[in-house]
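# Understanding the architecture of this molecule
The residues making up each chain are set out below.
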Amino acid sequence: MKLSLPKGTKDILPNQIHLWQKAERVFAEVCAQYGFSEIRIPTFEHTDIFERGVGNATDVVRKEMYTFEDKGGRSITLRPEGTAGVVRSFIENGMGSMPSPVKLFYNITAFRYEKMQKGRYREFHQFGVEAFGSSGPEIDAEIISLLCTFFERVGIAQTRLCINSIGCPSCRPIYHQALVEYFSDKVAAMCDDCKARYEINPQRMIDCKEQRCKPFVTEAPRQIEYLCQDCRTHFSGLQASLSSLDITYEVDPSIVRGLDYYSRTVFEFVSDHVGTQGTICGGGRYDRLVETMGGPSVPGIGFAMGVERFLMEAESQGVVLSEREPVKLCLVHMSDASYQKVFQLAHRLRRAGISCEVDLMGRSFRAQMKYANKLGIPYMIVIGDDEVASGKAKIKRMKDGFEMDIEISDLPEQAALFMNESKKEI
RNA sequence: GUGGAAUUAGCUCAGUUGGUUAGAGCGCUAGUUUGUGGCACUAGAGGUCAUGGGUUCGAUUCCCAUAUUCCACCCCA
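Residues numbered from 1 in each chain as written. Chains lettered and ligands numbered in written order. Predicted model: local features only at pLDDT ≥ 70, side-chain atom pairs only at ≥ 80, totals over all residues.

## Some remarks on the overall build of chain A
Going by this rule: Numbering of helices and strands starts at the N terminus; helices are DSSP runs of H or I of at least 4 residues and strands are runs of E of at least 2. The atom set for the radius of gyration is the C-alpha atoms, and the globule formula is 2.2 Å times the number of residues raised to the power 0.38. Counts of 20 or more other C-beta atoms within 10 Å of a residue's own C-beta define buried residues, counts of 12 or fewer define exposed ones, and intermediate counts define partly exposed ones; C-beta atoms are placed from the backbone.
Check the secondary structure of chain A and you find 15 helices and 16 strands. Computed over C-alpha atoms, the radius of gyration of chain A comes to 29 Å, more than 25% over the 22 Å expected from 2.2 N^0.38 for 426 residues, which places it beyond the range of a compact globule. Dimensions of chain A, computed from the C-alpha atoms along their principal axes, are close to 95 × 55 × 50 Å. Here chain A, with 426 residues, has 35% of them falling under the buried criterion.

Rendered as structure tokens:
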């Protein structure tokens, strides 16, 4: 029988797990500081949640979803992202009647049937936030600031922040029309992809990298110039807020975002260390989404961060997210009789809240020492027949060999005291 | 979905112009006379050389297919 991971999935092994736990903990802490509450939503939803939420025209919905029929004949889809499910929950649970804004964060796995590449997996992890009910640019800035705080707290240098405004339903059609007119006499000379984009979504032509298309693209009308007054005010308000927070950013007109629900503010944090999958984090405003999905007319904004990409970025910047916490104490026995004693003591120590290890491999004295050393256990107590008889033992600090006498009957208390004192000295 | 590269021990990689028992370093287990670890030394375990077919007296090596990973497009986190 052949064992193998399904394509595009990964095990997170014990030697990596501390990175994930640290990232998860810091993200939850930072979100809490900004007043966001965690929400947990199901791994799968009715398929139409994503068709309506993410958008029928997107690649994600058209060719990347894990969709299947369950035994009850329902069409079910493994979530390809978090926003649609959170919006569904917001509507279904009447969160519109909670104090506004409703600020939520989540830590999820998501699934997309895509061709594999570095930083792109079929099952992947996202940290995300969604905020409902506020339409002002301040909350856009607050969410971007949350991300900056997260990156700083975790110790990675500021990645590049790019922002853009893609307008709203009242000004986007005008821009769309302007693009169509601009490209009408040029599209014949452009690449095949652009010919297709011209029909489906001319905005996508803006970030084409083909050499033959570039001259046309650089001269093309820019979204920013076609924003309506409200969108213009919103965008400049966002920039003012970011500046007042000393957050550096660049306006990148080529950011379009592939999901249909975005309006006005869109942004990305980009890295050069994750292959072509440079976007660590992407998000934006979705003022019509809740209403589109059958809820009240409530504006929203959110982002999702690719945790795998984030961890790659951290690693490439040489950031050590946390050290593994080894067990504190190793109890070493010398004989069958003392082994029984050591076992009892370990039980007592653990119940008193002190982590410890005992030999479970039938190892010799010397081999037990080597084991403790390999695992980096900082303290050790030898319990032999002499110690059992006298009721006294020595606790040893492995780092420098310093020892102290302790009473076995008071082991948990005295060991804790010694280890605490040692911590202060060091 | 289109194009290209790679796959040998748990990990990082040698190697075989087709020829008996396929190697190293690291890691793992044990030991260096059984009351003190790190260093060093010795020994051991661990590979159907990704999988399935083909060519051949003989394939880990050549050919084809499949799988997986990586790279470029596409798209996105």
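Back to the write-up after that little detour.
## A closer look at the domain arrangement of chain A
Rules: By convention here, the domain bounds are inherited from an automatic or database domain assignment.
Under the domain assignment, chain A is made up of domain 1 (17–171 + 227–316) and domain 2 (329–416). Of note, the centres of domain 1 and domain 2, computed from C-alpha atoms alone, are 50 Å apart.

## Thoughts on the nonpolar core
We count it as follows: We define a nonpolar core as a collection of buried residues of the types Ala, Val, Leu, Ile, Met, Phe, Trp, Tyr and Cys that are connected via C-beta atoms lying within 7 Å of each other. For the purpose of contact definition, each residue receives a C-beta atom placed from its backbone, and two residues are in contact when these atoms lie within 7 Å.
Within the largest apolar cluster, 77 residues are counted, with the highest numbers of intra-cluster contacts made by Leu104, Val129, Ile143, Ile144, Leu147 and Met305. Here this core takes nine residues from helix H5 (residues 137–154), the largest share from any one element. When sequence neighbours within four positions are dropped, the list of residues in contact with Val129 reads Cys31, Phe36, Leu104, Phe105, Ile143, Leu146, Gly302 and Phe303. Counting 19 residues, the second largest nonpolar core, distinct from the first, contains Leu329, Val342, Met380 and Val382.

## Section: unusual backbone geometry
Here the residue pair Ser100 and Pro101 is connected by a cis peptide bond, since its omega of -5° sits within 30 degrees of zero. The phi dihedral of Asp246 is positive, around 60°, even though this residue is not glycine. For Arg264, which is not glycine, the phi torsion reads 55° and is therefore positive. Within the fold, Arg264 resides in strand S9 (residues 263–270).

## Details of the sheet that holds strand S12 (residues 329–333)
Stated formally: Any two strands between which DSSP finds at least two bridges are classified as paired. Axes here refer to lines fitted to C-alpha atoms; in helices the fit is confined to the stretch in contact. Angles between the N-to-C directions go from 0 to 180 degrees.
Taken together, five strands build an open sheet; the order of strands is S13-S12-S14-S15-S16 and the sheet is mixed. Edge positions in the sheet fall to strand S13 (356–358) and strand S16 (403–407), since each has one partner strand and no second. Direction aside, the axes of adjacent strands within the sheet are offset by 25° on average. Pairing geometry for strand S15 (residues 392–397) and S16, over five bridges, is antiparallel. Counterpart to Ala393 in the pairing with S16 is Ile406. Of the strands in this sheet, S12, S13 and strand S14 (379–383) touch helix H12 (residues 336–351), which is tilted by about 165° from S12.

## Regarding helix H1 (residues 17–33)
Two residues of an α-helix separated by three or four positions point the same way, owing to the 3.6 residues in each turn. Applicable threshold: A helix is expected to span 1.5 Å for every residue after the first. Note that the arc is computed from the directions linking the helix axis to the C-beta atoms.
With 17 residues, H1 should reach 24 Å at 1.5 Å per residue; the first-to-last C-alpha distance of 24 Å fits that figure. Along H1, the residues classified as buried are Ala23, Phe27, Val30 and Cys31. The buried residues of H1 all sit within an arc of 100° when viewed along its axis, so they share a single face. Turned more than 90 degrees off the buried face of H1, the exposed positions are Ile17, Glu29, Ala32 and Gln33. Count one or two residues on from H1 and you reach Gly35, which has phi positive near 80°.

## Observations regarding the sheet that holds strand S3 (residues 66–69)
Reading across from one edge, S2-S4-S3 is the order of the three strands in this open sheet, with antiparallel pairing throughout. Strands with a single pairing partner mark the edges of an open sheet, and in this sheet they are strand S2 (44–46) and S3. Strand-to-strand twist in this sheet, taken as the mean axis angle between neighbours without regard to direction, amounts to 30°. Relative to strand S4 (residues 75–78), S3 runs antiparallel, the two being bridged by four bridges.

## What about the environment of Ala367?
Position of Ala367 among the secondary structure elements: in helix H13 (residues 365–375). Classification of Ala367 by C-beta neighbours within 10 Å gives partly exposed; the count is 13. The spacing of Ala367 and Arg309 is 58 residues in sequence and 41 Å in space, taken between C-alpha atoms.

## With respect to the environment of Thr248
When you line up the elements, Thr248 lands in the loop between helix H9 (229–244) and strand S8 (250–251). The exposure class of Thr248 is exposed, given the 10 C-beta atoms found within 10 Å.

## Some words on the pairing of strand S10 (residues 279–285)
Of all seven residues making up S10, seven are buried, and the element is well covered by its neighbours. Relative to strand S11 (residues 300–306), S10 runs antiparallel, the two sharing five bridges. Of the residues in S11, the one forming a bridge with Arg285 is Ile301.

## Overview of the packing of H5 against H9
Here is the rule: Here the angle decides the label: under 35 degrees means roughly parallel, over 145 means roughly antiparallel, 65 to 115 means roughly perpendicular, and every other value means oblique. Should the near helix be turned counterclockwise from the far one by less than a right angle, the crossing is left-handed, whereas a clockwise turn marks it as right-handed. Polar here means any residue other than Ala, Val, Leu, Ile, Met, Phe, Trp, Tyr, Cys and Pro, which are nonpolar, and Asp, Glu, Lys and Arg, which are charged; Gly is therefore polar.
Where H5 contacts H9, the two axes come as close as 8 Å, and the packing angle between them is 45°. Here H5 lies oblique to H9, going by the angle between them. In the crossing of H5 with H9, the sense of the turn from one axis to the other is right-handed. Taken together, the residues of H9 that come into contact with H5 (itself represented by Pro137, Glu138, Asp140, Ala141 and Ile144) are His234, Gly237, Leu238, Ser241 and Leu242. Among the residues making up the contact of H5 with H9, the classes are represented as five nonpolar, three polar and two charged.

## Some points on the environment of Cys228
Of note, Cys228 is situated in the loop between helix H8 (214–218) and H9. Here Cys228 falls in the partly exposed class, since 16 other C-beta atoms lie within 10 Å of it.

## Some thoughts on the packing of H1 against H5
Orientation of H1 relative to H5, taken along the N-to-C sense of each, is 140°, at an axis distance of 10 Å. When the interaxial angle is binned, H1 and H5 end up oblique. The chirality of how H1 crosses H5 is right-handed. Each of Ala23, Val26, Phe27, Val30 and Cys31 in H1 lies in contact with H5, whose residues at this interface are Leu146, Thr149, Phe150, Arg153 and Val154. Looking at the contact of H1 with H5 residue by residue, the class counts come to eight nonpolar, one polar and one charged.

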